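The lines below spell out each chain.
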Amino acid sequence: MKKRIVCALFAASLMAIAALAGCSGGQASAPAPASSAAPDAPAESNAAPAEQSSQQSQAPQGDAVLGKLSAKKIGSVKLDTNDVEFTGSGYIYQIAGKYGVVSLDGSKDTGAKYAAAKEVDGSYSNKGYIAVRELSGDNKNVNTCGLVDKNGNEVLPCKYAGIEMLNDRYAKVITADKETKDKDAALIYYTDKMVSFSPDEGDVMYSGKWEVYDMTAKQPVKNATGTRPYTVSAKGQFVIFTDDKENRVTVDAAGLPTNEGKKIYDDGSYKLEKNGKGEVYDTDDQLLFTYDENAYEVSRYVEPYYVARTTDANYKHTYFLLDKKGNTVSKEFSEELDYVTPAFVLSGKRVCKLDGTQLFPNDYSTLKVDKRYGDVYSASKSSSYTIFDKNGTVLFANDSGEEGVSASAFYAYKKDGYGLHYYNFGAKTFSIDGSIKGDWYVSVDNGKVCDLVQTRTGEKIIDSSYGRFEVVEDQLEKTEYIIAMNSVNDKYSKGDFDIYQVTYTE
């Protein structure tokens, strides 16, 4: 039982982090905490794009708008280990059973001093932190979890039982006080099951208190605390929770209750509607614009626009877009705007410009924009897809649905024979032997890794004799880092690597 508790306590110390480091050796699994499992990392693919379909001839013509990508070396790291995990929040390594964290730019190393470390996965897409745990002399002391940020700084001390990132500003932190048999009082619990969503018989349960910590102000949010295991969430600068008296409460960054009638959008901007007039405010409580709520309602915010909706006497809706000054920037659409991007929308399976012009004849179910570089869009439905630039010029298209043809978010590939890959993107064709790594293509010459190539254009971005490449993304800053591992005598070490930062120019 003692051994089980040791492992389980570590699982709890990273409460709400879906994948946890193990209690001893490597990064093995710990008993599952009460949270859902993190999705597996995307599998590497060994394939390349199909011939451009007949759909391309129907698309807008003109020169494709593709910016230039380059990579600048910003640092080097040498560690006496081959046990390194590369994440978008820093590089986790292990030496002699202890874990350390190196910052994203390679300039800071915490040293191998932690009992465990793992990148934090919150209920949102942004990350930026590594959860770490100190060893305690008391096997039952669960308050040993802290946070290291992507700059290698310990921003939360190792004194919490659980940490969950609510958004890129707020963390929910839990301090355990004592074991309990009361499921309704259990803030932290551990189970031997692979997945558990609620306390169960045989679980080790702890009561305690939760608080919301403001990572920007570097202090707890006043009045955002409790002892019951209720849901806590955040939208921008606002914290939303159920208190111990089962009241639904919303407070701002200062811990003050918000005004009644405030409709908060996901980014923290909000609207107030009163006496027939609507007011939209930004995240700093500054008034952006007013509108007549009898004419339309502002239903949601999708970067960079607010979505407005009208309703006629027959309860039929139409939708259009407003900018942050309240100006109308699109025509009205008769069907809901399922996906909104800076230049295009998906309305009723149709990809349209903001003026309502339908871009392609095909129907689509998803529309994405490359927010890191802002120049490439992808519309897809099942195995049919079209990749295009901000002017609507098609870069690659496939509507045949043939087996073996697929697309990532912003590049396409088709496998044709073992290890042979043909790319066609932006009216440029090239073929390279190798494998895909994220949005990058690693070429191979006689079994040795040689170059890193951009999958969109075939342009070399790193020409070298590195032994292996890894790619990590800083989701908060929307930038990528390439980890280039050095090789000696045709062997590489994960602990000996150079760091390149990807830059983009129009």
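A brief report on the enclosed structure follows. (Residues numbered from 1 in each chain as written. Predicted model: local features only at pLDDT ≥ 70, side-chain atom pairs only at ≥ 80, totals over all residues. Heavy atoms only, no water.)

1. Looking at the overall build of the chain
No. 1: Secondary structure assignment for the chain yields 2 helices and 41 strands.
No. 2: Looking at the 506 residues of the chain, the share that counts as buried comes to 51%.
No. 3: Pairs at least 24 apart in sequence give 45% of the contacts found in the chain among residues at least 6 apart.
No. 4: Accessible surface computed for the chain: about 23600 Å², of which carbon and sulfur atoms make up 45%. (Helix = DSSP H or I, 4+ residues; strand = E, 2+ residues; numbered from the N terminus. Buried < 20%, exposed > 50% of the residue type's maximum accessible area, 1.4 Å probe, protein only. Contact = heavy atoms within 4.5 Å. Areas by Shrake-Rupley, 256 points an atom, 1.4 Å probe, with all protein chains shown as cover.)

2. Describing the side chain of Ser 103
No. 1: Here Ser 103 is to be found in the loop between β4 (98-102) and β5 (116-119).
No. 2: Contact partners of Ser 103, with chain neighbours within four places excluded, come to Tyr 91, Lys 108, Lys 150, Asn 151 and Gly 152.

3. As for the pairing of strand β25 (residues 344-347)
No. 1: Covered by surrounding structure in β25 are Phe 344 and Leu 346 together with Val 345 and Ser 347, the residues of both alternating faces.
No. 2: Across 4 bridges, β25 lies against strand β26 (residues 350-353) in antiparallel orientation. If you follow Leu 346 over to β26, its bridge partner there is Val 351.
No. 3: Remark: 2 residues form the turn of the hairpin made by β25 and β26, two consecutive strands paired antiparallel; Gly 348 in that turn has positive phi of roughly 55°. (Pairing = 2+ DSSP bridges.)

4. Details of the packing of aromatic side chains
No. 1: Here the structure, examined in full by the defined rule, presents 20 aromatic pairs.
No. 2: Geometrically, the ring pair formed by Phe 360 and Phe 388 is edge-to-face, given 5.0 Å between the ring centres and 70° between the ring planes. Within this pair, whereas Phe 360 is found in the loop between β26 and β27 (366-369), its partner Phe 388 is found in strand β29 (residues 384-389), the two being separated by 28 residues in sequence. The burial state of Phe 360 is the same as that of Phe 388; both residues are buried.
No. 3: Ring pairing ties together the aromatic residues Tyr 265, Phe 289, Tyr 291, Tyr 296, Tyr 301, Tyr 306 and Phe 320, which thus form one cluster.
No. 4: Its guanidinium or amino end placed over the ring of Tyr 270, Lys 262 lies 4.3 Å from that ring's centre, counting from NZ or CZ. (Phe/Tyr/Trp six-rings, centres within 6.5 Å; stacked < 30°, edge-to-face > 60°. Lys NZ or Arg CZ within 6 Å of the ring centre and 35° of its normal.)

5. Thoughts on unusual backbone geometry
No. 1: Of the consecutive residues Glu 303 and Pro 304, the connecting peptide bond is found in the cis state with omega at 5°.
No. 2: One non-glycine residue, Ala 96, lies in the positive phi region at around 55°.
No. 3: Tracing the sequence through the fold places Ala 96 in the loop between β3 (90-95) and β4.
No. 4: Of note in this structure, Lys 218 is not a glycine but carries a positive phi near 60°.
No. 5: Along the polypeptide, Lys 218 turns up in the loop between β12 (204-214) and β13 (219-226).
No. 6: Take Lys 218: its relative accessible area is 65%, and that puts it in the exposed class.

6. Points about the sheet that holds strand β22 (residues 305-311)
No. 1: Read from one edge of the open sheet, 3 strands run β21-β22-β23, paired in antiparallel fashion. Because the sheet does not close on itself, it has two edges, and the strands there are β21 (297-302) and β23 (317-322). For this sheet, the mean angle separating the axes of adjacent strands, direction not counted, is 30°.
No. 2: Note: β21 against β22, 5 bridges, orientation antiparallel. Across the sheet, the residue bridging to Val 302 is Tyr 305, located in β22. (Axes fitted to C-alpha atoms, helices over the stretch in contact; angles between N-to-C directions.)

7. Digging into the side chain of Asp 149
No. 1: With respect to the helices and strands, the residue Asp 149 is situated in strand β7 (residues 145-149).
No. 2: There is no salt bridge for the buried Asp 149, and the closest opposite charge comes from Lys 108, which lies 7.1 Å off by N-O distance.
No. 3: Residue contacts for Asp 149: discarding those within four places in its chain leaves Ser 89, Gly 128, Tyr 129 and Val 155. (Lys, Arg positive; Asp, Glu negative; His and termini not counted. Salt bridge = Lys/Arg side-chain N within 4 Å of Asp/Glu carboxyl O.)

8. Describing the nonpolar core
No. 1: Ranked by internal contacts, the top residues of the largest apolar core, which has 21 residues, are Val 212, Val 239 and Phe 241.
No. 2: Among the secondary structure elements, those contributing two or more residues to this core are β10 (170-179), β11 (188-190), β12, β13, β14 (232-235), β15 (238-242) and β16 (248-251).
No. 3: Broken down by element, this core gets its largest block of residues, 4 residues, from β12.
No. 4: In this view, Phe 241 contacts Trp 210, Asn 223, Ala 224, Thr 225, Thr 231, Val 232, Asn 247, Arg 248, Val 249 and Val 251; residues no more than four positions away in its chain are not counted.
No. 5: With 14 residues, the next largest nonpolar core counts Leu 79, Tyr 91, Ile 483 and Phe 497 among its residues. (Core = buried A, V, L, I, M, F, W, Y, C linked by side-chain atoms within 4.5 Å.)

9. Here's the deal with the environment of Glu 470
No. 1: Within the secondary structure, Glu 470 sits in strand β39 (residues 468-474).
No. 2: In the structure, Glu 470 is positioned 28 residues away from Val 442 in sequence and 9.7 Å away in space, judged by C-alpha atoms.
No. 3: Not counting the four nearest positions on each side in its chain, Glu 470 is found in contact with Phe 86, Lys 437, Tyr 481, Ile 482, Ile 483 and Met 485.
No. 4: Within the local environment of Glu 470, its side chain forms a polar contact with the side chain of Arg 468, the two groups lying 2.7 Å apart. (Polar contact = N/O pair within 3.5 Å; in protein donor to acceptor, adjacent residues only side chain to side chain.)

10. Considerations on the sheet that holds strand β37 (residues 448-454)
No. 1: Reading across from one edge, β35-β36-β37-β38 is the order of the 4 strands in this open sheet, with antiparallel pairing throughout. Each edge of the open sheet is held by one strand with a lone partner, namely β35 (434-437) and β38 (460-463). Neighbour-to-neighbour, the strand axes of the sheet open up by a mean angle of 25°, direction not taken into account.

11. Examining the pattern of salt bridges
No. 1: Throughout the structure, instances matching the rule amount to 12 salt bridges.
No. 2: Linking Asp 498 and Lys 73 is a salt bridge whose minimum nitrogen-to-oxygen distance equals 3.6 Å. You can see Asp 498 sitting in strand β41 (residues 491-505) and its partner Lys 73 sitting in strand β1 (residues 68-78), a full 425 residues away along the chain.
No. 3: Under the relative-accessibility criterion, Asp 498 is labelled buried at 7%.
No. 4: Close ionic contact of Arg 468 with Glu 470 constitutes a salt bridge, the shortest N to O distance being 2.7 Å.
No. 5: Classification of Arg 468 by relative accessible area gives partly exposed; the value is 27%.

12. A few points about a nonpolar patch on the surface
No. 1: Residues Met 194, Val 195 and Phe 197 make up a contiguous nonpolar surface patch of roughly 390 Å² in combined accessible area.
No. 2: Relative to the elements of secondary structure, Met 194 occurs in the loop between β11 and β12.
No. 3: The class for Met 194 is exposed, based on a relative accessible area of 73%. (Patch = residues over 30% accessible without salt bridge, like charges linked within 9 Å, V, L, I, M, F, W, Y side chains within 5 Å.)

13. A word on the pairing of strand β36 (residues 440-445)
In regular strands, side chains alternate between the two faces of the sheet.
No. 1: Inspection of the sheet shows β35 paired to β36 by 4 bridges, in the antiparallel sense. By the bridge assignment, Gly 434 is partnered in β36 with Ser 443.
No. 2: Direction of pairing for β36 relative to β37: antiparallel, over a ladder of 5 bridges. Across the sheet, Trp 440 pairs through a bridge with Gln 454, a residue of β37.

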